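Each chain is listed here by its residues.
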Amino acid sequence: MAKFLLRRVVQLVAVLLAVTFLAFSALNFLGDPLVNVVGPLAAIPDCDLVEAGLREDTFSTAGNIGDCEVVSRARAQYNLDKSVPERYVRWVGDLLTGDLGSSFQTGLPVSEIVREKMPKSLLLMVMAEIVALAIAIPVGVLAAYRAGRRLDRVTSVGSFGLLSVPNFALGVILLQVFALRNRLLPASFDDSTLWTRLHSLLLPSIVLGLGIAASYQRLLRTDLLTTLQEDFVNMARAKGMPDRHVMVRHALRPSLFSLITLFGLNTGALIGGSLVVERIFSIPGIGSEIVTAVIRDDFPVVLGAVVVIATGFVVINFLVDLLYTWLDPRVRVS
Amino acid sequence: MWRESHRKPMLEPVGPSFHIPGGNMSYRMSRKALAKLLASLLAFTLIAAACGGGDSDTAVDEPTDSVAEGDGDAVVPTVSLAEEEEVEETPVVGGTLRVATEADGDGLNPVSNNFAVSAYLMANPIFDPLFAYDENGEWIPYLAESATPVEGTNSWQIKLREGVLFHDGSTMDADDVIAAFEGTLADPLISLAVAPSYPAENRIEKIDDLTVQYNLIRQSAHFPVNLTSQLGMIPSAEFIAAAAADPALNQAPIGQGPFKLASRTQDDKTLVERFDDYWQGTDMIYLDAIEFSVVTDTALAAERVNAGDLDLVITSNPDAILTLRSAENVNTIENLLSGENDIMMNTRAAPFDDIRARQALTYATDRDAYASLIAQGTSPLADSMFHPDLIWNNPDVVQESNQPEKAGPLVEAYCADFPENCTDGKIDMELQYSGPSVVQTRIADLLTQNWEDFFNVTEQELLQDSHILEVAIGQYDVVTWRQFGAVDPDNEVVWLECATAEGAIALNWVRVCDEDRDALLYAQRATTDLDERVAAWREIQASINATYSYIFTTHANWTVGYGPQVRNVCGQQGPAGETLFCNNQGRQYFHNIWLSEG
Amino acid sequence: MAGSGHASLRNSENVLLSVRDLVVEFPISRKERVHAVSGVSFDVAEGETLGIVGESGCGKSTVARAIVQLNKITSGVVEYAGTDLAQLEGEDLRRVRPELQMIFQDPISSLNPRRRIRDVITEGLSIWNEGTGSWTQERIDELMNAVGIDPKFGDRRPHQFSGGQCQRIGIARALALDPKVLICDEPVSALDVSVQAQVLNIIEDMKVRYGLTILFISHDLSVVKNVSDRIIVMYLGKICEIGDAETIYGSPRHPYTRALLASIPEPAPTVDPSEGNIIGELPSPIHPPQGCRFNTRCPHATEICFSVEPTVNAVDGNDHFVACHHPVEVGVSLPA
Amino acid sequence: MSNAQLSVRDLEVRFPTSRGVVEAVNGVSFDLERGQMLGIVGESGSGKSVTAKTLMNLLPRTAEISGDIHFDGEDVRAIASGHRKHFWGVKMTMVFQDPMTSLNPVKRCGEQISETLRYHLGMSREAALKRSIDLLEQVGIPEPARRVKQYPHELSGGLRQRVVIAMALACEPELLIADEPTTAVDVTVQKRLLDLLDELRRDRGMSMILITHDLGVARGRCDEVAVMYAGRLVERAETEVLFSDARHPYTTALLRTIPRIDQPSHTRLVPIEGRPPELVNPPDQCSFAPRCRHAQADCLEGVPTLTNLDGNREFACRYPANTEAGRTSFFANEAAGQTVTGLTIAQPSEVN
Amino acid sequence: MIASVPEPNAAIDGAVEKKLGWAFWLSVAWIGGLALAAVAAPWLPIKDPDVLGAAPRAGLFSDNLLGTDALGRDVLARTVWGARISLGVGSVGIILGLTVGGTLGIISGYFRGVVDQLISFVFFSLLSFPSLVLALLITATLSRSFWTVAMTLGILGIAPIGRLARATTIQFAEREFVQASRVLGAKNGRIIVRELLPNVLIPMGALTLLGMGISIVAEGSLAFLGLSVEGDAISWGKSIVDGSQVRDLTENAHVALVPIVAMFLTVLALNFAGDRLREYTDVKETAF
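A. Structural context of the nonpolar core. Grouped together as the largest cluster of nonpolar side chains are 238 residues, with contacts concentrated most on Phe168 of chain A together with Ile171, Met206 and Phe216 of chain C. Taken domain by domain, this core gets at least three of its residues from each of domain 1 (2-108) and domain 2 (111-333) of chain A. Not counting residues up to four positions away in its chain, the partners in contact with Ile171 of chain C are Ile103, Val147, Val199, Ile202, Ile203 and Met206 of chain C. Of all hydrophobic cores here, the second largest spans 101 residues; its members include Phe15, Leu233, Val234 and Cys299 of chain D.

B. Up close: the pattern of salt bridges. Summed over the entire model, instances satisfying the criterion amount to 74 salt bridges over all chains. Ionic pairing is found between Asp245 of chain D and Arg247 of chain D, a salt bridge with its closest N-O pair at 2.8 Å. In this structure, the salt-bridge partner of Asp248 of chain E is Arg57 of chain E, at a minimum N-O distance of 2.9 Å. With Asp248 of chain E in helix H10 (residues 246-251) and Arg57 of chain E in the loop between helix H2 (22-40) and helix H3 (75-111), the pair connects residues that are 191 residues apart, well separated along the chain. A relative accessible area of 0% means that Asp248 of chain E is categorised as buried. Here the salt bridges share partners, and the residues they tie into one network are Asp319 and Arg442 of chain B together with Arg57, Asp242, Arg247, Asp248 and Glu251 of chain E.

C. Geometry of the confidence of the model for chain A. On average, residues of chain A score 80 in pLDDT, and 82% of them are at 70 or above. Throughout residues 54-66 of chain A the model reports pLDDT below 50, and contacts reaching past four residues in sequence, or to other chains, amount to 34 contacts.

D. A look at the interface of chain E and chain B. Facing 22 residues of chain E, the contacting portion of chain B comprises 22 residues. When chain E packs against chain B, close to 1,900 Å² is buried across both sides, 54% of that on carbon and sulfur atoms. Ranking the residues of chain E by area buried against chain B places Leu71, Val246 and Arg247 of chain E at the top, with a combined share of 30%. The interface formed by chain E and chain B includes 6 salt bridges. When the shortest N-O distance is used, the salt bridge between Arg73 of chain E and Asp445 of chain B registers 3.1 Å. Inspection of the chain E/chain B interface yields 7 residue pairs in polar contact (both at pLDDT 80 or more). Mapped by element, the contributors of at least two residues to the side of chain E that touches chain B are helix H9 (236-243) and H10 of chain E. Classifying every residue of the side of chain E that touches chain B by side-chain character gives 8 nonpolar, 4 polar and 10 charged.

E. Highlighting the side chain of Glu241 of chain C. Residue and element names in this part refer to chain C. Within the secondary structure, Glu241 is located in strand S10 (residues 238-244). A distance of 3.0 Å separates a polar atom in the side chain of Glu241 from the backbone nitrogen of His254. Within polar-contact distance, the side chain of Glu241 engages the side chain of His320 at 2.6 Å. When residues no more than four places from it in sequence are discounted, the contact partners of Glu241 are Ile231, Ile232, Val233, Ile248, Ser251, Pro252, Arg253, His254, Thr257, His320, Phe321 and Val322.

F. Representation of the packing of H9 of chain E against helix H11 (residues 254-281) of chain E in the model. Residues and elements named next belong to chain E. Between H9 and H11, whose axes approach to 7 Å, the crossing angle comes to 145 degrees. Where H9 crosses over H11, the handedness of that crossing is left-handed. Along its contact with H9, which presents Trp236, Gly237, Ser239, Ile240 and Gly243, the element H11 presents Val255, Ala256, Pro259, Ile260, Ala262, Met263 and Thr266. Grouping the constituent residues of the contact of H9 with H11 by class yields 8 nonpolar, 4 polar and no charged.

Here is what the cut-offs are and how they apply
- Residues numbered from 1 in each chain as written.
- Chains lettered and ligands numbered in written order.
- Predicted model: local features only at pLDDT ≥ 70, side-chain atom pairs only at ≥ 80, totals over all residues.
- Heavy atoms only, no water.
- Core = buried A, V, L, I, M, F, W, Y, C linked by side-chain atoms within 4.5 Å.
- Buried < 20%, exposed > 50% of the residue type's maximum accessible area, 1.4 Å probe, protein only.
- Domains from an automatic or database assignment.
- Contact = heavy atoms within 4.5 Å.
- Salt bridge = Lys/Arg side-chain N within 4 Å of Asp/Glu carboxyl O.
- Helix = DSSP H or I, 4+ residues; strand = E, 2+ residues; numbered from the N terminus.
- pLDDT = per-residue confidence, 0-100.
- Buried area = accessible area lost by both parts, 1.4 Å probe.
- Polar contact = N/O pair within 3.5 Å; in protein donor to acceptor, adjacent residues only side chain to side chain.
- Nonpolar A, V, L, I, M, F, W, Y, C, P; charged D, E, K, R; others polar.
- Axes fitted to C-alpha atoms, helices over the stretch in contact; angles between N-to-C directions.
- Left-handed = near helix turned anticlockwise from the far one by under 90°.

Listed below in structure tokens is the structure:
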């Protein structure tokens, strides 16, 4: 177990390094971080010449102070005069001390931003998963139990349809129907109390959850049908155990593996999907923060958020692996 | 409508004013640091915003009617108060006012963060300004006790009130004012905009513990209005020093206003609570707290105000304004005088360095479509940089447009001379706008549609920061923009003079330099004679019109929408009992607002 | 019975394939590994059919796969026509491959479901570019006829054939390259009894027709007896007994061989049915017993069986070899 | 026969599929006396497992079933449609082919046995566990107290099958159906399992149906053997009678096609040519006719009925082997070189 | 003495023929029709999608069959023209994802060992990078041309497709027919191309349709974040965003609903056709 844990930690570190390096390089090669620090000074091509002593300052409006000194100072301050790998190493070094840097935009420590925004997204994600599982498991079990019958066909068509509705479309439609037209549910996030938080996240979590529920349901149904072919299910029925007992106590647990794998992989997709849903329902979560930060080229925030999400992803997949061993004692041996 | 105020000398304004389109963006970003430079220019303008509009019933079709009801004695048209104000009610103490803002600021430190409308909304309760506008648009001392010009009007002595306490318990004195001013100038970017008005040395002096003297390069008759905005907001000196070391402190400002910051989450919520040691006392501070929430889609915020989820929203988004107007449970205060929507052409780059191209574009533009499809009737068509209700307006200046038949020959002639700038007989050009924004995209699509018979239009959507930057450094053909609208047109000089048309960064965005126009600009600045100034500005308008560098579309509309429980929105009082200016470009004050019960 | 040693190897000139001290181990973790085959030696004379029989886990299939180099050999020699296949790599190994072909257990899985069966059978020829056009087609038709698949069905895909037919296609594929050695790994265990005989007959026919040397692996004692000249009985990675088919079945000496023969539903007359009642379970191949690997279950086991590994020794002539410290005396254990 | 413990009459099972109706079981009838062991022999697809699953009410709902099944005079199909608890698992139970898949991999062996006891007999958790240990001991599992806490994968194949048997026997059923109980295990294990089943059956006076494809297994253990082919019961007789004097050509061919351990090496086998027919919309004829060396023209007209000779044997053939009619038809075919269905008979007969 | 037995018999041949069903063909007709309409959009008798002629926010069945948007543009025409970008971006994206991901996956699954570990690690890392964030990074920093957006969507597909290709490859690489091929003397390249590719690619072909649906949806998501194809290019995602302003949604929801329905039907058709095709190409390995 200890070895297993250790291997997972090594994997986590490797993945984090890869992911952050990817993000770091993308941010540095695709954009110019200098722009974010010193603004237009960086974009004036002549500034490099000024810096090299080849030209006088050219800021007529700025008058007496807009020198290119600012540029050099900023370069030094943010280590932008260093090479990308060197800056990456420095960044990782800071990360190890728990320092994710500060936002270029607001100066706030990224860790604080993440701490502020993450719980909202996490709550949304958890609620969405609960909605998804609460729908998918009973419907999946029922559909498998009534395989080929009307209920199964109806849910099949339903889940197929749901799978084909983009979540933003579902979001827009549900927003229109339940929030704007009928005012049954709030149209945007309300952070006042726990109740308003849950209440205002209900609609977005349904939007996120329905699509996932459809994919979970289909997967569970398929796996259950496979499991129901197994001899041990026949055996349980041959022992005279009632159908409900057979479905829930015998067939369900061994049929959950793919579902759980998908559950693990979904956490990544869910954060991705919640970017849009957070946008539509004005939820100031980590998704919104990432979008804003990416558009602002607020590198430290983007990197910090990516680190946190990737860690979450790896950790959840690790927990999923642990869950396997609980679900399937066969895994415990190997 | 306008008449000269004789009580105070008309002095030379020091700062320019411009607005960036994006107030009605559905998806609005905060500015990157690069925009600090340019936008900071905005922060230090003498904005004596015109305030127009009226209540939701009369403003829809003829927004000018209510303006005409003004007392005729003010520098600016006054706001006609909503009906609820007529009934005397006893103010109720308590409650939290829930305000929607469409964006958040980078921070709330007036020394180092640039304030746009949203930031002003949040900073106004926290910081009292040194000076403020009364309902006539004239400056009154607020945090300052008095302002006295010395040596003509080149220097001004500002005397502070005694016993003003900061939220941290310390007392405000001259050192805080000096620290704030020096702090502002220490920022290399912000100082780009502010420093030119002051000499390199000895810009501010401490006369005594409660008196400071600002020294200017040129005569400025209006200096105190300069201190009605961000520059007049004074945080404590310790806070300024601490925030310089740790930028994160910009999120937790220490002011001396009636409310102090209680909590703040970037891009989400900011909560301010009543400050019990407020220097004016808290007798007239009725609210317990104000909660600002960022709701990027102000149309959605308008819906929520109507539903009672929120109390107040401030917006320039036509959709939101229409929603507010049609909402049953919402009162509105609209201001049509505080800015112009326009289209600008870069006169220093092909093809619009040729006036024929500019004329062709002007003729090809369908302003009526713009007014009906984009503004949807919330903003009237504009002919120049002044609303017709303002005395500065030159009624003879008419914005040309909607004559595509005139564009054809011009384009033909241009393309004959410059075939390299044309393809298939149409002029090649790029339309640049800021995004992502549904409204901006619609505008771009509409304009492209207008122009495409004569121009090959390439649309380029840029993030707001890059958009401003490219305009400032002259890398654009045509852009959509919002500009002008200052109470005193002297503020607009900086956008129009030759001095700002040259160089790497130009604040004269269209880069038109006309020496005759410069002469007029400086002439009106030198005089306090209102007639002379009006005459000069009317000539300037004609001159601008003749260059075909701007296409004015509509007058921007800033609207405050609030629920019926919100009282006394326009009843803010100054220290001497003056009624303060209401809805200055959406920069609402909340000091004396109260919430009725039930 | 841990059958080690070379006693069973013949010095005959016509030995085509000779396996010496073959060891195959599969690592399952850094410390542990499965001892699938542990020091097995035997040879196959040209034209002979050698059967390998044993229960699941005895390593018989691993031996087969090791010979054609589908499994990595841990140590040992697989000598074919004077060349040690275990030493060959890359192109050299590839060049020898056509000589040794294989038929697999699962007739369905051994055919690519997406290819036409004619292409499946031609595959070997097209790899080696042997013959072109009509010549190839003629040979393929001949092969298909030989295994009882009508050539006109050549354009069909495997799923349109039954298991028995698929196995015939597999045989045709193996024979297309004119191999010397055919290795049959449980070729009929997945088939219904009514088609099992068809395939067994075809293997016998092909052996005659193409002069094949066959290694035939099966867990079914009757099937192995039917096709084999010589038989090896394996247990837990080791050889128990080697001998002519008649000898092994007629006078089995190893206790395990006897247990096997006594366990089948209609036991061989040479053993007492009670000899089938062997106790206990098959030990783990990860931790095989010391000494004789059968010692945990052998009724005859004594102290020596737990310490000393028996070697393969000749008994009563006839090329009959047994790896046992206490080989059963045939006369004694026969029922009276 | 009405006093038989189990009585099956004209059982038909059809599965509608996209390809057509699969007639998996077609007119199967048999009786089982108390305490008897019936072997049902057939190849894959012959319908033997479907028959067993029908008896156990294990078929999917899509299956169309007709015919009568009575157990101790009670209509089994009525039990299936009603909601009677405590019939399957108590009166009648079944064990399956693969011991690995017959046990739920995620539940401990003890739980799996005791849940039956708790459900049917209302035993407490502790009592059920204690009884489970007893049961495991009865089926010869060493260290039963430890085994109940183990998961199936921790046991060897032979032990697993014993656990399955213990589980099946938990409520002392009167009839045990064993569907290929030893196919997946090695011969040495197979022998021990079959011995165990024999012993348990005798001790408890339980009836048993042993389903197998291995004629040898059936021969050594059963009182009576029924042979199924293509969904039909083609022959049924007392074991020794069937093996020594089979009537149906399929039975005789099957007996001949298997290599025997007492034959010398390289004995030519006699295969049954062709392959079993599709069960989708089978033609109205003897289903074995295309592979049958006895086949005559009238074999292609209508399905031969199961004829009952001297009380204890039945077969469905018009030209039965080991009879005059059979011999005549075979020699006629041999003379013609092929049968009426096109099956070549190239070699002089070795049998008949 | 091989008896000639007439087989495989006719009954099996009939049974083996699978049917795709009318719903599949309906889906194909919708996608095909849409693709055709998209290509032929300039010549179709529909209004100019950019022209602002009509009254804004007209309802359904007015002068404009499906109404007009806030600028008075014809919703039907814009939906047809939007199909160009949406289908285009979707198909280019998935082809890229399939090519790169498929190749890497097959290599990884066939050779195993270090190569496999490396590629699998890349896949896992890509997966732990939230896909839309990755897309955001790329589209926000590069110009948002048609090709950038298409490529971005393709990159998103690499890891999931690659993992699937790898798993499928492993599943088949252990099959006996691959071993048989090796025993026959086939080289790795031949085994991959002749034995594995058909088994991996054909089922992945069906995945193309499913993936195209995902790409179309992803374009919409990017549009919601303001990062779809820039300029006046029309896409469904952009149309939906345009129609999803609160006032448009409350007063004339059809502006958003028409492209939503178009997108939904297309994704549904792609999903359904893909699903059916997957079943159809899923070879049955036994005749019984």
